[in-house]
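As a plain string of letters, each chain reads:
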Amino acid sequence: PISTNPSVMYRGVGANCVNMGSCTMLQFAAGGFLKKSITGGDSTRKLKAHEEMGCGIIAGVMSASLATPLELIMIQQQMKG
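Not measured: the values here are computed from a predicted model.

J.: Just to check I follow, could you spell out the overall build of the protein for this structure?
T.: What the protein contains, in helices and strands, is three helices and zero strands. The C-alpha atoms of the protein give a radius of gyration of 18 Å, which is well past the 12 Å a tight globule of 81 residues would have. Counting only C-alpha atoms and orienting by the principal axes, one finds that the protein spans roughly 55 × 20 × 15 Å. Counting the 81 residues in the protein, one finds 20% classified as buried. Total accessible area computed for the protein in this model is approximately 6,000 Å², and 68% of it derives from carbon and sulfur atoms. Across the protein, the 7 positively charged side chains and the 4 negatively charged ones have centroids separated by 6 Å.

J.: Explain helix H2 (residues 13-39) here, please?
T.: Residues three or four positions apart in an α-helix share a direction because the helix packs 3.6 residues into each turn. Under the 1.5 Å per step criterion, the end-to-end length of H2 is 39 Å for 27 residues, consistent within 8% with the ideal 39 Å. Next to the buried residues of H2 lie helix H3 (49-80). In the segment just after H2, Gly40 is the residue with positive phi, at about 70°.

J.: Would you mind showing me how to read a nonpolar patch on the surface here?
T.: Together, Met9, Tyr10 and Val13 line one region of the surface with nonpolar side chains, adding up to about 310 Å² of accessible area. Within the fold, Val13 resides in helix H2.

J.: Is there a simple way to think about H3 in this case?
T.: In a regular helix each residue adds 1.5 Å, so 32 residues correspond to 46 Å; H3 covers 45 Å between its end C-alpha atoms and thus fits that length. The largest bend in H3 is about 30°, located at Ala67, with the proline Pro69 one to four residues further on.

Conventions we followed
Residues numbered from 1 in each chain as written. Predicted model: local features only at pLDDT ≥ 70, side-chain atom pairs only at ≥ 80, totals over all residues. Heavy atoms only, no water. Helix = DSSP H or I, 4+ residues; strand = E, 2+ residues; numbered from the N terminus. Rg over C-alpha atoms; globule rule 2.2 N^0.38 Å. Buried < 20%, exposed > 50% of the residue type's maximum accessible area, 1.4 Å probe, protein only. Areas by Shrake-Rupley, 256 points an atom, 1.4 Å probe, with all protein chains shown as cover. Lys, Arg positive; Asp, Glu negative; His and termini not counted. Charge placed at Lys NZ, Arg CZ, Asp CG, Glu CD. Expected span 1.5 Å × (residues − 1). Contact = heavy atoms within 4.5 Å. Patch = residues over 30% accessible without salt bridge, like charges linked within 9 Å, V, L, I, M, F, W, Y side chains within 5 Å. Salt bridge = Lys/Arg side-chain N within 4 Å of Asp/Glu carboxyl O. Bend = angle between axes of the 7 residues up to and from the residue.

Below you can see the structure in the form of structure tokens.
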């Protein structure tokens, strides 16, 4: 049975907010840093498609490495309280 008690429904939401916020922040920061590193700070240079994809993949891996432990904490809080 699914409880409609808000304290049960929203258990672990704090950890989820920290998880999503920190992962998004890390992904944008890492992606920006990698793009700037490739262009050498030249704002007029456009990245090629494979460079954009590489930056996105690396930034995503960095974000996932942070997200996985936080996701585990969130799941454990939801299950155990």
